[in-house]
Amino acid sequence: MKSLQKVYSIALCCILFACTNHPAGNNASSSKTKVDIVSNNVHIAYTDSGTGDTTLLFVHGWIINKGYWSNQIDHFNKKYRVVAIDLPGFGQSGKNRKVWTTKAYGEDIKAVIDQLHLKNVILIGHSMSGDIVLQGAIDAGNNVIGLVGVDNFKGPGVPQTGDTVKAKKEYDEAVTAMKKDFVAFATSYFNQDLFYKTTADSIRKRILADVKRADPAIAIATITQDNFDEAAKLIEANKKLYMINSDYQPTDTSGLVRKKIPYKLLTIHATGHFPMIEKPNEFNTALENVIADLRQR
């Protein structure tokens, strides 16, 4: 059941750190945080550095913030314009709205692109933000030239099997548990399902600290407010899907093949849900390969 996957694998949902041990909430890279973008009356915090004819727009996953992309920002802003945002409800962005759906977040992505006059945009979304950048790519149209998911899109278009009644019950129980004690639920989930045996203690501590800082109501709403058909949206976007995924959980591409959705999968071995922070150099090389492939196209 799709909604159950949102809670338990958040393979459309989740997180990150960079090479250095920045305290939680630090700005991404050395560029100064700005808050002059407004989407649906909510201010969006962002950093904007580097120049070039191509823009890399980084969007963080569930609970965390733009500071987790610092290694990528420092690496890529020497050649490209690089923007990283705090999604509304997280980091330094505003929280003053009630709607936290993928559709609403897609509108936020378009607002960032429009208000910063970004061109030739490559959207990079981790975990939950895979769906968000996909919707943003649809909304922003020709301004987006590339779509990159980071440890998400683990099985778009793959038929769901099993006992749907049981799955619905488990999903409802998970939501109830989150509402009762969000920190305990999320901490247990990350420890059991998202960290790998090689995940550094510094990364674990950083992420779990952000769990404690999260607004539970917003965090829960972002993964329960809507259903999102990834395969249908990928067809609508009409763009090649690039995935930079960890292999601690497998990626099933059979649905992409069956629905004739073009894709390229680049795998980071032996990391958890956070390849960009667990193996930043390898991740950056993979993203360079994506950019090179896009330029050829």
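Figured I'd write up the structure that's included with this text. Note that the structure is predicted; figures quoted are calculated from it, not measured.

**Remarks on the overall build of the protein chain**
- Check the secondary structure of the protein chain and you find 12 helices and eight strands.
- When each of the 297 residues of the protein chain is scored for burial, the buried share is 58%.
- Looking at the protein chain alone, contacts between residues at least 24 apart form 76% of all its contacts between residues at least 6 apart.
- On the protein chain, roughly 12,300 Å² of surface is accessible, and the fraction owed to carbon and sulfur atoms is 49%.

**Focus on the sheet that holds strand β5 (residues 121-126)**
- The strand order across the open sheet built from eight strands is β1-β2-β4-β3-β5-β6-β7-β8, with neighbouring strands paired in mixed fashion. A single partner strand is all that each edge strand has here, and the edge strands are β1 (34-39) and β8 (263-268). Geometrically, the sheet is characterised by an average inter-axis angle of 25 degrees between neighbouring strands, direction not taken into account.
- Helix-sheet contacts for helix α12 (residues 280-296) involve β3 (55-59), β5, β6 (144-150), β7 (241-246) and β8, and the interaxial angle to β8 is about 165 degrees.

**Looking at the pairing of β5**
- Among the six residues in β5, six count as buried, and that is most of the element.
- In the sheet, β3 pairs with β5 via five bridges, with the strands oriented parallel. Among the inter-strand pairings, leucine 57 is bridged to a residue of β5, identified as leucine 123.
- Relative to β6, β5 runs parallel, the two being bridged by six bridges. Within β6, the residue paired with isoleucine 122 across the bridge is glycine 146.
- Once you follow β5 into helix α4 (residues 129-140) and on to β6, the crossover reads as right-handed.

**Considerations on helix α3 (residues 102-115)**
- Helix length check: α3 (14 residues) gives 20 Å between terminal C-alpha atoms against 20 Å at 1.5 Å per residue, within 8%.
- The complete set of buried residues in α3 reads Thr102, Ala104, Tyr105, Gly106, Asp108, Ile109, Ala111, Val112 and Ile113.
- Once α3 ends, the next one or two residues include histidine 117, with phi positive near 55 degrees.

**Examining the pattern of salt bridges**
- Scanning the entire structure with this criterion turns up 12 salt bridges.
- Between aspartate 114 and lysine 110 there is a salt bridge whose closest N-O contact spans 2.6 Å. Of this pair, aspartate 114 and lysine 110 both sit in helix α3, four residues apart, roughly one helical turn.
- On the accessibility criterion, lysine 110 (31% relative accessible area) is partly exposed.
- Lysine 233 is the salt-bridge partner of glutamate 236, the closest N and O atoms lying 4.0 Å from each other. Taken together, the positions of glutamate 236 and lysine 233, both in helix α9 (residues 230-237) and three residues apart, correspond to about one turn of that helix.
- Owing to a relative accessible area of 23%, lysine 233 belongs among the partly exposed residues under this scheme.

**Describing unusual backbone geometry**
- Its identity as a non-glycine residue notwithstanding, aspartate 151 has a phi of 50 degrees, on the positive side.
- Inspection of the secondary structure assignment puts aspartate 151 in the loop between β6 and α5 (164-180).

**A closer look at the packing of aromatic side chains**
- Considering all chains together, one arrives at seven aromatic pairs under this definition.
- Considering the side-chain rings of tryptophan 62 and phenylalanine 182, the 5.7 Å spacing of their centres and the 80 degrees angle between planes classify their relative orientation as edge-to-face. Of this pair, tryptophan 62 sits in the loop between β3 and α2 (70-76) while phenylalanine 182 sits in helix α6 (residues 182-194), placing them 120 residues apart in sequence. In terms of burial, tryptophan 62 and phenylalanine 182 fall into one category: buried.
- Where tryptophan 100 meets tyrosine 105, the ring centres are 6.3 Å apart and the plane angle is 40 degrees; that geometry is what we call tilted. Tyrosine 105 matches tryptophan 100 in its accessibility class, with the two residues each being buried.
- Taken together, the ring pairs in this structure connect Trp62, Phe182, Tyr189 and Phe190 into an aromatic cluster.
- Just above the ring of tyrosine 105 sits the side chain of arginine 97; from NZ or CZ to the centre is 5.4 Å.

**Digging into α4**
- Taking 1.5 Å as the rise per residue, α4 with 12 residues should run 16 Å; its terminal C-alpha atoms sit 16 Å apart, in good agreement.
- The set of residues buried in α4 consists of Ser129, Gly130, Asp131, Ile132, Val133, Leu134, Gln135, Gly136, Ala137, Ile138 and Ala140.

**So, the nonpolar core**
- Counting residues in hydrophobic clusters, the biggest one holds 87 residues, and the most contacted among them are Leu57, Ile85, Phe182, Phe190 and Leu287.
- Setting aside residues no more than four positions away along its own chain, leucine 287 makes contact with Phe58, Phe76, Ile124, Val148 and Ile244.

**Here we look at the packing of α3 against α4**
- It is the contact of α3 with α4, at a shortest axis distance of 7 Å, that shows an interaxial angle of 55 degrees. The pairing of α3 with α4 is recorded here as oblique in orientation. Considering the relative orientation of α3 and α4, their crossing is right-handed. Of the residues in α4, those in contact with Thr102, Lys103, Tyr105, Gly106, Glu107, Ile109, Lys110 and Ile113 of α3 are Asp131, Ile132, Gln135, Gly136, Asp139 and Ala140.
- Here the contact of α3 with α4 is built from residues that sort into five nonpolar, four polar and five charged.

Conventions we followed
Residues numbered from 1 in each chain as written. Predicted model: local features only at pLDDT ≥ 70, side-chain atom pairs only at ≥ 80, totals over all residues. Heavy atoms only, no water. Helix = DSSP H or I, 4+ residues; strand = E, 2+ residues; numbered from the N terminus. Buried < 20%, exposed > 50% of the residue type's maximum accessible area, 1.4 Å probe, protein only. Contact = heavy atoms within 4.5 Å. Areas by Shrake-Rupley, 256 points an atom, 1.4 Å probe, with all protein chains shown as cover. Pairing = 2+ DSSP bridges. Axes fitted to C-alpha atoms, helices over the stretch in contact; angles between N-to-C directions. Right-handed = clockwise from strand over helix to strand, strands pointing away. Expected span 1.5 Å × (residues − 1). Salt bridge = Lys/Arg side-chain N within 4 Å of Asp/Glu carboxyl O. Phe/Tyr/Trp six-rings, centres within 6.5 Å; stacked < 30°, edge-to-face > 60°. Lys NZ or Arg CZ within 6 Å of the ring centre and 35° of its normal. Core = buried A, V, L, I, M, F, W, Y, C linked by side-chain atoms within 4.5 Å. Parallel < 35°, antiparallel > 145°, perpendicular 65-115°, else oblique. Left-handed = near helix turned anticlockwise from the far one by under 90°. Nonpolar A, V, L, I, M, F, W, Y, C, P; charged D, E, K, R; others polar.

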